[in-house]
Amino acid sequence: MLYSHEDTITAIATPIGVGAISVIRVSGSQSIEKVDSIFRGKKKLEDSKSHTIHYGRIYSQSNEVIDDVLISIFKKPNSYTGEDSIEISTHGNPLITQKIIDALLENNVRLAEPGEFTKRAFLNGRMDLAQAEAVADVINSRTEVSLHGARNQLDGLLSKKIDLLREMLIHSSSLIELELDFAEEDIQFVSLKEVKEEIEDIIAEIEELLKSYSFGKIVRDGVKVALVGQPNVGKSSLLNYMLKESRAIVSHIPGTTRDVISEEISVEGLFIKLFDTAGIRFAEDDIEKEGVERSRQAIENADIVIYMFDVTSDFGLELYEEIEKTIPEDRIITVANKIDLGKDLSHSADAEISALTGEGIPELFSLLKEISLGSNIYTEKSAVVSSLRHYNILKKAKENLFSAVKSIENKLSGEFIAVDLRNAENLLGEIIGKVSTDDILNNIFSKFCIGK
Amino acid sequence: MVNMLNYDVIVIGAGHAGIEAAIASARMGCSVALITMEKKAIGRMSCNPAIGGSAKGHIVHEIDALGGIMGLIADRTGIQFRTLNKSKGPSVWAGRCQSDRKLYSEEAGEVVFGTQNLDVIEDSVNEAFEENKKIVGVKTEKGKEINCKALIVASGTFLNGVMYTGTDPKIGGRFGERAAIGLTKSFLDMGFVADRLKTGTPPRLKKNSIDFSVLEEQPGDENPQPFSHRTDIKNFPVLPQVSCHLTYTDEHVHKILEKGFDRSPMFKGLITGVGPRYCPSIEDKIVRFADKPRHQLFLEPEGLDSDLIYLNGFSSSLPEEIQFEAVRAIQGLENIEMARPGYAVEYDYFPPYQVDLTLETKLIKGLYFAGQINGTSGYEEAAGQGLVAGINATLKIQGREEFVLKRSEAYIGVLIDDLVGKSTDEPYRMFTSRAEHRLILRQDNAERRLVKFGYDFGLVSKELYNEFKKSEELMIQGIDFASNLRISPKNINGFLASQNSSVIGNGETISKLVKRPELKLKNILETLDKSRFPLVEPLLNNEELLQKLEIELKYEGYIKRQYELVEKMEKLENTKIPLNYDYHNLNTISVEAREKLAKVQPRSIGQASRISGVSPADISILTVYLKN
Ligand SMILES: Cc1cc2nc3c(=O)[nH]c(=O)nc-3n(C[C@H](O)[C@H](O)[C@H](O)COP(=O)(O)OP(=O)(O)OC[C@H]3O[C@@H](n4cnc5c(N)ncnc54)[C@H](O)[C@@H]3O)c2cc1C
Ligand SMILES: Nc1nc2c(ncn2[C@@H]2O[C@H](COP(=O)(O)OP(=O)(O)OP(=O)(O)O)[C@@H](O)[C@H]2O)c(=O)[nH]1
Ligand SMILES: [Mg+2]
């Protein structure tokens, strides 16, 4: 039968095994009643107001205390899902959270499907499509900056922007339509030149949004940094130092080539994928082209290259110049290492560090952040495109608008211009859910992981 | 009962909707009674003596392709033919003609009286009867009770019609004609909801009192094109052709009109019905566009023998003496004699969410509404609905599958889908921009889109259909030929140079070449060796086909893209919503949307998505519900 909204669902809302506190979320018409049956506090939750927090204990079926908890009550419609909801904050021990979930399941609460909380929020009109997608990003995002970008979208900045563009488009379309349906009328028709200018304005806005995608992408997917340099300059040492300093080690991925090692770290909220490459010897007569080749892959794929040299040795100009052919200079950070051995540099550097003592590394981090995010081009106030789906739709819309401009330039009749405008308009509508297809929904709801 | 009569189908009203309905149904084999107040008024044009125009011309072509009669009658009685928008692309080319009002009605009458299985009864229907939510018959003013299996109501502006010239209301459906009283109540008792709409008409002027010498003339096309495929192009146009004339109001005229505002039934609130925004009265225009110094007026002849001129653009319900004084202040009309003033008419309509896409009412089986009663305005919109209602009433009686045109198939499809889903609250007129698939809904391909239906229903003759099939075959061969044959540079470059078109280096297909704006298909074909390519001769000899072929080739890319869009949409159209779906429990959908959905009972997600007041978010939610 129909999707049942009557079910009460639960899931752990915080990443498993991370952090001192775990949050378990329960949502559905019976959520308060169900939690009441395993919770003992000063007051029955049923008799408590929305948006209040209660201290108490959770008991298992066999009447054992599972944990001391804090319970937050959110009554409909003022909850994330728009339904009655409860959040149980417990100690971050996987065993405890599992026991509480089990207790709920025994009380006929169902385990949520991936994305089900957000699906309900969407179904209850708590967010539009773009916002729902942003939530998917929140869940997938691993660091502060990431969260920040996603939240910003959540607030509907992108939606608002797209809505505006769509309205502008509808305006241009009506100018075109006017002349098609009312040619007999005694009205002053707007010149196509004016319509063209309007469309070009919209194109410019879309291009602006498209540009923001690389930022949005870094926010979401992180920035790829390759460590490159001659043998023994201290690349691996830097990697190790960074790993030690960044507390959230997410994974350890073996390098794609035998020699490249990749680690994911989080630094000051920026998500970084580090690629440590094998040192490359680049002697005058004995050019080890092969060495360059081995690391080329990593360099080519990188957003930023850290070129490291040893202050006690030479800079390695030839190698540097070879790398410069692959990646623009403003994406290369030159780093002088081992300054604990002396600060008499053979070559100037963007950063001077010691991978042994850690000196200069905070400055290096700042530099990395600045180069990857750009200097404040995108503030919290700008709409940023961070989803590939949005990016592709915007690109298509832009193509349609280009085609409309071309039609105007080729002096084609209005109805041909109108087709492109209508297409573009529908595309923009797809981002904010003004045109809805199953595909979009399926895609979004399958992207969610349990708990949000 | 004394006067007990039985028919398969009863049609109320011999207006543009009613005659299409009655004729189609009779031709398809039903016994039909067409009950109308005045036999003399069959197919009467209430307002403008013109057929067609932007988007309306398209509908006439569609009616013709389906086997309706409007195009044929218009061709026989037209006194000026023009194709509008000729400077724009082919999808907005639209035929329009000035008609001889008297001849149009006579010709329509002749077709009606000449139709077998069709009885015309001069009477007024006062009451309709249902049993168990099924229509069973009607009772007339003269006391006749007539039984039927289906009832098609095409009563136009006559239901509780009230006419206004100044603040004096007069009961009537049209100048000199009575209103229909009683029928509305009959439907209200069955549970229908009625509302009021308003429309208006301008004054008629005496032709010989106009000074045409100072007015701008607007003649018809030099090479007039008929609406109907059944019209013999060799003997077309049938009647002598005449011109229209143009004049303008000015600020002085507006001043005079303003003097009458205190006696305007509109401004005084006597008329509550909503009027058409796209066809406002002159007093409306002055108020709403106060900074516009002048308004364009067309002087349209009412007929060859008629001494009346229709003052298009000057619809008014102001007092007669104000209208008269104002008209006399217009250039060329200084010595005018006004045969009769303009008036507004307010009438009942049944908000069309109450009908289904077949035009059958949702509430009472066997009951159909068509034309102005559904809130449309215009002869063509009425006729298109009449045809669809007549066909569907018959199909149902005969136990055959219903007939619903898609939005991608016909303007008539767009029209009915809009009516049902958006349930207009102002008079609805068709525009090309209402059709999201405009590029493929053209006049030139109306026959290709629709003739198969007309033939299936028996409304299009075998000869005509065979003729179509022959030309279709040629068309397909033509497309094939143009897309495959490569013309070598040496054979074409001379011609290209002569047309100021850039020469080619490698062989190129005709299809590619004809996409150049400066080249015509005809001229390209003429460069070919007729003995080598036997297809060239028959193509060149068929001017109509040649034009259709050129359109298909020139705009191929655009047309293809449009079809891709249609396909994408089809997915939504094919996501069906179960009959009598209960929306009231979907408390996640906004209350407004739930009400609208319950009212309209859309058949598919596609249809649901077009209902005003139903947001895309509502649709997404509905989709999720249907999926689960
Ligand atoms: C004053 C006026 C101004 C108009 N202005 C415009 C305009 O500006 N623009 C525009 O596009 N259209 C206008 N129209 C509308 C246009 O005339 C109609 O849209 C079109 O004619 C509707 O066709 P129909 O078949 O629905 O009804 P009609 O053509 O009105 O025909 C209805 C027929 O039904 C008959 N009838 C009605 N009730 C009964 C009954 N109970 N029993 C028996 N017979 C009955 C009548 O006698 C009449 O023959 C105007 C109409 C009027 C009257
Ligand atoms: N004194 C000092 N020694 C360092 C520093 N960084 C690295 N070293 C030493 O330099 C040597 C080489 O360091 P690695 O990190 O292995 O160098 P690498 O660049 O990864 O070398 P390859 O992988 O062979 O290319 C080790 O003995 C390190 O202890 C530093 O900042 N100061
Ligand atoms: Mg190393």
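Reading the values: the criteria
- Residues numbered from 1 in each chain as written.
- Chains lettered and ligands numbered in written order.
- Predicted model: local features only at pLDDT ≥ 70, side-chain atom pairs only at ≥ 80, totals over all residues.
- Heavy atoms only, no water.
- Helix = DSSP H or I, 4+ residues; strand = E, 2+ residues; numbered from the N terminus.
- Buried < 20%, exposed > 50% of the residue type's maximum accessible area, 1.4 Å probe, protein only.
- Contact = heavy atoms within 4.5 Å.
- Areas by Shrake-Rupley, 256 points an atom, 1.4 Å probe, with all protein chains shown as cover.
- Phe/Tyr/Trp six-rings, centres within 6.5 Å; stacked < 30°, edge-to-face > 60°.
- Lys NZ or Arg CZ within 6 Å of the ring centre and 35° of its normal.
- Near = heavy atom within 4 Å.
- Polar contact = N/O pair within 3.5 Å; in protein donor to acceptor, adjacent residues only side chain to side chain.
- Nonpolar A, V, L, I, M, F, W, Y, C, P; charged D, E, K, R; others polar.
- Patch = residues over 30% accessible without salt bridge, like charges linked within 9 Å, V, L, I, M, F, W, Y side chains within 5 Å.
- Salt bridge = Lys/Arg side-chain N within 4 Å of Asp/Glu carboxyl O.
- Pairing = 2+ DSSP bridges.
- Axes fitted to C-alpha atoms, helices over the stretch in contact; angles between N-to-C directions.
- Lys, Arg positive; Asp, Glu negative; His and termini not counted.
- Parallel < 35°, antiparallel > 145°, perpendicular 65-115°, else oblique.
- Left-handed = near helix turned anticlockwise from the far one by under 90°.
- 1 Å grid on protein atoms, 1.4 Å probe; cavity = no way out; pocket = protein on both sides within 12 Å on 5 of 7 lines; lining within 4 Å.
- Points joined across faces, edges and corners; volume = space filled by probe spheres on them.
- Arc of directions from axis to C-beta.

Colleague: How would you explain the overall build of chain A if you had to name every residue and give the values?
Modeller: The helix and strand inventory of chain A stands at 14 helices and 14 strands. Within chain A, the fraction of its 452 residues that count as buried is 50%. Intrachain contacts of chain A at a sequence separation of at least 6 include 65% that bridge at least 24 residues. Approximately 21,300 Å² of chain A is accessible, and the part contributed by carbon and sulfur atoms is 49%.

Colleague: Break down the packing of aromatic side chains for me, citing the residues and quoting the values.
Modeller: Following the criterion strictly, the structure yields 20 aromatic pairs over all chains and no others. With a centroid separation of 6.2 Å and an interplanar angle of 80°, the aromatic rings of B:Phe192 and B:Phe350 are classed as edge-to-face. Remark: B:Phe350 occurs in the loop between β19 (343–349) and β20 (367–369) and B:Phe192 occurs in the loop between α5 (183–190) and β12 (195–201); sequence separation between them is 158 residues. Pair check on accessibility: B:Phe192 and B:Phe350 agree, each one buried. Relative to B:Phe457, the ring of B:Phe403 lies with its centre 4.9 Å away and its plane at 75°, an arrangement referred to as edge-to-face. A residue pair is termed long-range when its members are at least 10 positions apart, and B:Phe403 in the loop between α9 (379–397) and α10 (411–422) and B:Phe457 in the loop between α11 (446–456) and α12 (462–484) qualify at 54 residues. Both residues of the pair, B:Phe403 and B:Phe457, belong to the buried class. Among the aromatic side chains, those forming a connected cluster through ring pairs are A:Tyr307, A:Phe309, A:Phe315 and A:Tyr320. Seen from the ring of B:Tyr428, B:Arg434 lies directly overhead, with NZ or CZ sitting 3.8 Å from the centre.

Colleague: Break down the site of ligand 1 for me, citing the residues and quoting the values.
Modeller: All names here are of chain B. Lining the immediate surroundings of ligand 1 are 36 residues, of which Gly13, Ala17, Val125, Gln372 and Gly378 lie closest. Between alanine 154 and ligand 1, the recorded distance is 3.5 Å, taken from a backbone N or O atom to an oxygen atom. Look at ligand 1: alone it shows 980 Å² of surface, and the protein chains cover 96% of it. Only α1 (16–27), β2 (32–36), β12, β19 and α9 provide two or more residues apiece to the shell around ligand 1. Counted by class, the shell around ligand 1 contains 16 nonpolar, 17 polar and 3 charged residues.

Colleague: Describe in detail the site of ligand 2, supporting the description with residues and values.
Modeller: Residue and element names in this part refer to chain A. Taken together, 15 residues lie around ligand 2, and Asn232, Lys235, Ser236, Ser237 and Asp340 are the ones closest in. The side chain of lysine 235 places a nitrogen or oxygen atom 2.8 Å from an oxygen atom of ligand 2. Isolated, ligand 2 exposes 650 Å² of accessible area, and the fraction of that covered by the protein chains is 70%. Looking at which element gives the most residues to the shell around ligand 2, the answer is helix α8 (residues 235–245), with 3 residues. Taken together, the residues of the shell around ligand 2 sort by class into 5 nonpolar, 7 polar and 3 charged.

Colleague: Before we move on, could you go through the environment of B:Ile146 and cite the residues and values that matter?
Modeller: Residues and elements named next belong to chain B. If you trace the backbone, isoleucine 146 turns up in strand β9 (residues 145–153). Given the relative accessible area of 0%, isoleucine 146 is considered buried. Once residues within four sequence positions are removed from consideration, isoleucine 146 is found in contact with Leu5, Tyr7, Ile10, Ile35, Ile121, Val136, Gly137, Val138 and Thr140.

Colleague: Talk me through a nonpolar patch on the surface; I want residue IDs and the actual numbers.
Modeller: Judged by side-chain polarity, A:Ile53, A:Tyr55 and A:Leu70 come together as a nonpolar surface patch covering roughly 340 Å² of accessible area. Classification of A:Ile53 as exposed rests on a relative accessible area of 61%.

Colleague: So what's going on with the sheet that holds strand β1 (residues 9–12) of chain A? Which residues, and what values?
Modeller: All names here are of chain A. Pairing is mixed in the open sheet, where 7 strands are placed in the order β3-β4-β5-β6-β2-β1-β7. Edge positions in the open sheet fall to β3 (39–41) and β7 (110–111), since each of these has one partner strand only. Where strand β2 (residues 21–27) and strand β6 (residues 85–91) come together, 7 bridges link them in antiparallel fashion. Bridge pairing in β6 links valine 23 to serine 89. Packing against the sheet, helix α3 (residues 116–123) makes contact with β1, β2 and β7, and its axis sits at approximately 130° to β1.

Colleague: Hey, could you go over the environment of B:Gly275 for me, with residue numbers and the actual values?
Modeller: Residues and elements named next belong to chain B. Tracing the chain through its elements places glycine 275 in the loop between α6 (251–259) and α7 (282–288). C-alpha separation for the pair glycine 275 and glycine 421, spaced 146 residues apart in sequence, amounts to 20 Å. For glycine 275, the residues in contact, after removing those within four places along its chain, are Lys198, Glu426 and Pro427.

Colleague: Any details on the pairing of strand β8 (residues 223–229) of chain A? Residues and values, ideally.
Modeller: Residue and element names in this part refer to chain A. Burial analysis of β8 places 6 of its 7 residues in the buried class, the great majority of the element. Direction of pairing for β8 relative to strand β12 (residues 304–310): parallel, over a ladder of 5 bridges. Directly across from valine 225, in β12, lies its bridge partner isoleucine 304.

Colleague: Go over the side chain of A:Asp67, please, and point to the residues and values.
Modeller: Residue and element names in this part refer to chain A. Mapped onto the elements of the fold, aspartate 67 is located in strand β5 (residues 65–74). It turns out aspartate 67 is buried and unbridged, and the closest side chain with the opposite charge, arginine 57, is 7.8 Å from it. With sequence-adjacent residues up to four places away left out, aspartate 67 is seen in contact with Gly56, Arg57, Ile58, Thr90, His91 and Ile96.

Colleague: Could you give me a rundown of the pattern of salt bridges, with the residues and numbers involved?
Modeller: Under the definition given, this model contains 53 salt bridges over all chains. The partner of A:Glu208 in a salt bridge is A:Lys211, and the shortest N-O contact between them spans 3.5 Å. Linking A:Glu208 with A:Lys211, this pair stays in helix α7 (residues 192–221), spanning 3 residues, or about one helical turn. Judged by relative accessible area, A:Lys211 falls into the exposed class, the value being 53%. With its nearest N and O atoms 2.7 Å apart, the salt bridge here joins B:Arg196 to B:Asp348. One end of the pair, B:Arg196, is in strand β12; the other, B:Asp348, is in strand β19, with 152 residues separating them in the sequence. Accessibility assignment for this pair places B:Arg196 and B:Asp348 in one class, buried. Each of the salt bridges in this network shares a partner with another, and the network as a whole consists of B:Arg407, B:Asp417, B:Asp418, B:Lys422, B:Glu436, B:Glu573 and B:Arg610.

Colleague: Describe in detail the packing of helix α6 (residues 157–181) of chain A against helix α13 (residues 414–432) of chain A, supporting the description with residues and values.
Modeller: Residues and elements named next belong to chain A. Packing of α6 against α13 brings their axes to within 9 Å, and their N-to-C directions diverge by 160°. The angle between α6 and α13 falls in the class roughly antiparallel. In terms of crossing hand, the pair formed by α6 and α13 is left-handed. Its residues assigned to classes, the contact of α6 with α13 comprises 14 nonpolar, 5 polar and 6 charged.

Colleague: Before we move on, could you go through empty space enclosed by the protein and cite the residues and values that matter?
Modeller: Within the structure shown, the criterion is met by 5 cavities of 30 Å³ or more. By volume, the second largest cavity amounts to about 60 Å³. In terms of lining residues, the second largest cavity is bounded by A:Glu415, A:Ala418, A:Val419, A:Arg422, A:Asn423, B:Ala435, B:Glu436, B:Arg438, B:Leu439, B:Gln562 and B:Leu565. Elements with a contribution of two residues or more to the lining of the second largest cavity: α13 of chain A together with α18 (556–573) of chain B. It is α13(A) that provides the largest number of residues to the lining of the second largest cavity, a total of 5 residues. Grouping the constituent residues of the lining of the second largest cavity by class yields 5 nonpolar, 2 polar and 4 charged.

Colleague: Pulling in residues and values, what's your account of unusual backbone geometry?
Modeller: Omega for the bond connecting A:Lys76 with A:Pro77 falls within 30 degrees of zero, at 0°, which places this linkage in the cis form. Here the amide bond leading from B:Phe236 into B:Pro237 is cis, since omega sits at -5°, within 30 degrees of zero. Along the chain, B:Pro237 falls in the loop between β14 (216–218) and β15 (244–248). Unusually for a residue other than glycine, A:Asn63 sits at a positive phi of about 65°. The backbone of B:Leu359 sits at a positive phi, close to 75°, despite the residue not being glycine. Residue placement: B:Leu359 occurs in the loop between β19 and β20. Judged by its relative accessible area of 0%, B:Leu359 is buried.

Colleague: Go over the side chain of B:Asn312 with me, naming the residues and quoting the values.
Modeller: All names here are of chain B. For asparagine 312, the location among the structural elements is in strand β17 (residues 308–312). Reaching out from asparagine 312, the side chain makes a polar contact with the side chain of glutamate 300 at a distance of 2.8 Å. If we skip the residues at most four places from it in the chain, asparagine 312 touches Asn48, Arg96, Pro202, Gln296, Leu297, Phe298 and Glu300.

Colleague: Residues and numbers for α6(B), please.
Modeller: Residue and element names in this part refer to chain B. Taken as a whole, α6 has its buried residues at Val253, His254, Ile256 and Leu257. What you see down the axis of α6 is that its buried residues fit within an arc of 160°, all on one side. Of the exposed residues in α6, the ones pointing more than 90 degrees away from its buried face are His252 and Lys255. Contact partners of the buried residues in α6: α7 and α8 (320–328). With a side-chain oxygen positioned 3.1 Å from the backbone nitrogen of histidine 252, the residue opening α6 is aspartate 250.

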